[in-house]
Amino acid sequence: LSELNNSEFPIFLEVTILHPHSIASYTVLGDDRPDNVAHKIYENQNLDWVVLLSNNIINIRDEWPMSQFDFQRYLDNKYTRDQLGEIHHYETNEVRNSQGKILLQGGLHVDADFTFNFSEGGVSSSVNNVKSISFLQHEIDKNDAKRTINLLNKDLLSVIINDMREIMTYTDSSQFINRKLKKGD
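Caption draft 1: Region of the structure containing the overall build of the protein. Across its full length, the protein carries nine helices and eleven strands. By residue count, 26% of the 185 residues in the protein fall in the buried class. Of all intrachain contacts in the protein linking residues separated by at least 6 positions in sequence, the fraction that spans at least 24 positions is 53%. Here the protein displays about 12,700 Å² of accessible surface, and carbon together with sulfur accounts for 49% of that area.

Caption draft 2: Seen up close, the sheet that holds strand S8 (residues 130-134). Pairing within the open sheet is antiparallel, and its three strands lie in the order S5-S2-S8. Every other strand in the sheet has two partners, leaving strand S5 (109-110) and S8 as the edge strands with one partner each. One ladder, built from five bridges, connects strand S2 (residues 87-92) with S8; its direction is antiparallel. Counterpart to Tyr90 in the pairing with S8 is Ser132. Lying over the sheet, helix H8 (residues 135-145) contacts S2 and S8, oriented at roughly 85° with respect to S8.

The rules behind each value
Residues numbered from 1 in each chain as written. Predicted model: local features only at pLDDT ≥ 70, side-chain atom pairs only at ≥ 80, totals over all residues. Heavy atoms only, no water. Helix = DSSP H or I, 4+ residues; strand = E, 2+ residues; numbered from the N terminus. Buried < 20%, exposed > 50% of the residue type's maximum accessible area, 1.4 Å probe, protein only. Contact = heavy atoms within 4.5 Å. Areas by Shrake-Rupley, 256 points an atom, 1.4 Å probe, with all protein chains shown as cover. Pairing = 2+ DSSP bridges. Axes fitted to C-alpha atoms, helices over the stretch in contact; angles between N-to-C directions.

Remember, this is a structural readout, not a statement about activity or role.
Okay, here's the thing in structure tokens:
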């Protein structure tokens, strides 16, 4: 952390590492965009960059959940109706022993003929308990996985905004022309 403190990284990184309660989990609902989320949480849609920065999102198109319209258009462009119903992969279902301890985690990608062998109380058992995941379900799951994001605690906004203002300000150098302009290479 001493390297982090002496660097020119935004304090955002330091705050989130040193203060685990500085970030809260949030679920993006429906067709919400970063500016909608910023308005709901920070009461300022122009703080959409804080929402994106909190999640290390660079490419909104690929890293933010698609709207229903965009998702349907994406599916229509990528698949035929028949392909959407075809099997993309198989996943395990969770297997527990008699005490409720998880023996096999659910959601693991496996072959269709996967068999899980285990022994309990001297009795050997085999379970072939897999489920098929269609291309449609796979794409829905992929999009929904992007819905859980992290948001910076509202109380820390002023710290982040001031820090970003400071590190984004041009300083005197051989390329400095004025406060808002510098020479290019």
